[in-house]
Structures are given as structure tokens and as C-alpha cells.
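Okay, here's what each chain looks like letter by letter:
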Amino acid sequence: MATVHIWVLFIVFSTVLSDDVKLKYKPATKPVRLFTEEELEKYDGSEEGQPIYMAVKGVVFDVTRGKEFYGKDAPYNALVGKDSTRAVAKMSLDPADLTSDTTGLTEEQLKSLDSIFEGTYKTKYPIVGYTASRILNEDGSPNEDFKPEDQPHFQIKDEF
Ligand code: HEM
């Protein structure tokens, strides 16, 4: 009889414990979307009714609500459908600056970039994903500098 009790207790405990383990590994509610350059290009505002996306510092924002700035024929349309980090940092619409490359930017430009990133993009627009090049190197190997826990969208490592 005592052995039966022990078995019942064992089964009850293991069920409780396994439920606990399951809760810890609850999946993230939203999958992370990675954009290649080609994918991001589709959201350049040229098609009426389609969302408009733009990346700054490798973070892809849905800027559709800023249509008057970014839509077709709008003044800053050149910035969308791509990562325009350099253009934002330099406040430039020069085609040569429509890139994620931050090489040679001054301290002041980097500061300005961060303040626009925080104050405008993160505040005003939803994040829809990340550029693939932010996470993977060109040869497909992981970008060791990318830290999920530092990303604006993620509070804890497990969410990634
Ligand atoms: C003579 C030069 C410029 C003037 C007078 C000007 C003026 C303005 C004004 C009045 C706004 C609207 C702010 C608001 O209503 O929230 C704006 C927004 C903006 N400007 Fe300019 N701008 C100039 C040049 C540039 C250049 C060269 C860039 C290149 C990156 C740029 C990037 C932006 C962006 C990205 C926004 C929209 C930010 C958002 O999404 O809210 N501007 N600008």
C-alpha cells in the first residue's frame, strides 16, 4: 500500500514539475522578422495601400503613418525601402548616403543619429523586424557584435 502511495505522489510531483518547466519556455508571442535588402525594397512606398518600411541602425520601422514624409513623391521617399542610417546621421538625401554604412561619421553625427533613432523612430513608429545584415555577416556567419538583449524590441534574452 505504501508503495502505491509513493508512486501516486511521484506521478503528481512529476506532473507539477513538468508544467513548471513548460511555463518557463513559453514561446515569444511575435516571431522576429528578418529583412534582406530585396525584401525591404518592396516597402518603398511606390505601391498604394502597401506598408512603408525603413531601417535605421538595422532596425526596421513601419513608417506608414508618416506617409506625408515618406510616401510616393513625398520629400523623404528616398530614405524608405532600405537602411538609411548614414543619411539620417548626416541629414542628407545624397544617394551616396542612402546606406547603413557609418564609416567615418563624426561624433556629432553619431550623436544626432542616436537622438533621432530614439526620439523620432523608436517613439513614433512600430518596429517590424531587423535587417539580415545586422544579424548575419555577408558570408552567412553570425554577427558576433549583435546582442539581442540590447535591441529595442526585446526585454530579455529568452524572447529572441
Ligand atoms: C532645408 C532643409 C530641411 C528642412 C527645412 C526640413 C524640415 C522638416 C520639417 C518641418 C519636418 C517635419 C517635422 C514634423 O512635422 O514632425 C521634417 C521632418 C523630417 N526631416 Fe526634414 N527638413 C530639411 C531637410 C532634411 C534632410 C536633408 C533630411 C535627410 C535625412 C531630412 C529628414 C527628415 C525626416 C526623416 C523627417 C521626418 C521624421 C519623422 O518621421 O517624423 N530633412 N523636416
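Residues numbered from 1 in each chain as written. Predicted model: local features only at pLDDT ≥ 70, side-chain atom pairs only at ≥ 80, totals over all residues.

## Focus: the overall build of the protein
Rules: Runs of H or I in DSSP of at least four residues are treated as helices and runs of E of at least two as strands, each being numbered from the N terminus. With C-beta atoms placed from the backbone, a residue is labelled by how many other C-beta atoms lie within 10 Å of its own: buried for 20 or more, exposed for 12 or fewer, partly exposed between the two. Whether two residues are in contact is decided by their C-beta atoms, placed from the backbone, lying within 7 Å.
On a plain count of helices and strands, the protein comes out with six helices and four strands. For the protein, the α and β elements follow one another from N to C terminus as α-β-α-β-β-α-α-α-β-α. Burial analysis of the protein (160 residues in total) assigns 22% to the buried set. For the protein, the proportion of contacts with a sequence separation of at least 24, taken over those separated by at least 6, is 53%.

## Re the nonpolar core
Which entries qualify depends on this criterion: Core membership is restricted to buried Ala, Val, Leu, Ile, Met, Phe, Trp, Tyr and Cys residues, and these are joined into a nonpolar core through C-beta atoms within 7 Å.
Core analysis: the largest hydrophobic core is formed by 23 residues, its most contacted members being Tyr53, Met54, Val56, Val60, Phe61, Val63 and Val80. Taken together, the elements giving at least two residues each to this core come down to strand E2 (53-56), strand E3 (59-62), helix H4 (85-90) and helix H5 (107-124). When residues of this core are assigned to their parent elements, the largest contribution, four residues, is made by E2. Sequence-distant contacts of Tyr53, defined by excluding residues within four places in its chain, comprise Leu40, Tyr43, Val60, Phe61, Asp62, Val63, Val80, Gly81 and Val128.

## Quick look at the pairing of E3
To keep it simple, the criterion reads: Strand pairing is assigned whenever DSSP identifies at least 2 bridges connecting the two strands.
One ladder, built from four bridges, connects E2 with E3; its direction is antiparallel. If you follow Val56 over to E3, its bridge partner there is Val59. Linking two consecutive strands that pair antiparallel, namely E2 and E3, is a turn of two residues; a positive phi of about 55° is found at Lys57 within it.

## Re the site of the ligand
Counted only if it meets this: All residues are tested the same way: a C-beta atom is placed from the backbone, and lying within 6 Å of a molecule or strand makes the residue near it. Residues are grouped as follows: Ala, Val, Leu, Ile, Met, Phe, Trp, Tyr, Cys and Pro are nonpolar; Asp, Glu, Lys and Arg are charged; all remaining types, including Gly, are polar.
Neighbouring residues of the ligand: Gly66, Phe69, Tyr76, Leu79, Ala87, Val88, Met91, Ser92, Leu93, Thr120 and Lys124. At the level of elements, H4 and H5 are the ones that each hand at least two residues to the shell around the ligand. Here the residues of the shell around the ligand are counted per class, giving seven nonpolar, three polar and one charged.

## Observations regarding the sheet that holds strand E4 (residues 127-131)
In sheet architecture, strand pairing relies on hydrogen bonds along the backbone and comes in two forms, parallel and antiparallel. With mixed pairing, four strands are arranged side by side in an open sheet as E1-E4-E3-E2. On the outer flanks of this sheet lie strand E1 (34-35) and E2, each paired with one strand and no other. Where E1 meets E4, two bridges bridge the pair, whose relative direction is parallel. Paired with Leu34 across the two strands is Tyr130, which belongs to E4.

## Here's the deal with the environment of Arg33
Relative to the assigned elements, Arg33 resides in the loop between helix H1 (2-24) and E1. Using a count of 11 C-beta atoms within 10 Å as the deciding quantity, one classes Arg33 as exposed. For Arg33, the contacting residues outside a window of four places in its chain are Val128 and Gly129.

## Structural notes on the confidence of the model for the protein
Applied cut-off: The predictor attaches a confidence to each residue, and that confidence, scored 0 to 100, is pLDDT.
Residues of the protein with pLDDT of at least 70 account for 73%, and the chain-wide mean is 84. Counted against residues more than four places away or in other chains, residues 155-160, with its pLDDT under 50, gives eight contacts.

## A few points about unusual backbone geometry
Look at Asp73: it is not a glycine, yet its phi comes out positive at around 65°. A tally of 7 C-beta atoms within 10 Å means that Asp73 is categorised as exposed. Positive phi outside glycine occurs at Met91, with the angle close to 50°. Accessibility expressed as a C-beta count within 10 Å gives 11 for Met91, which makes it exposed.

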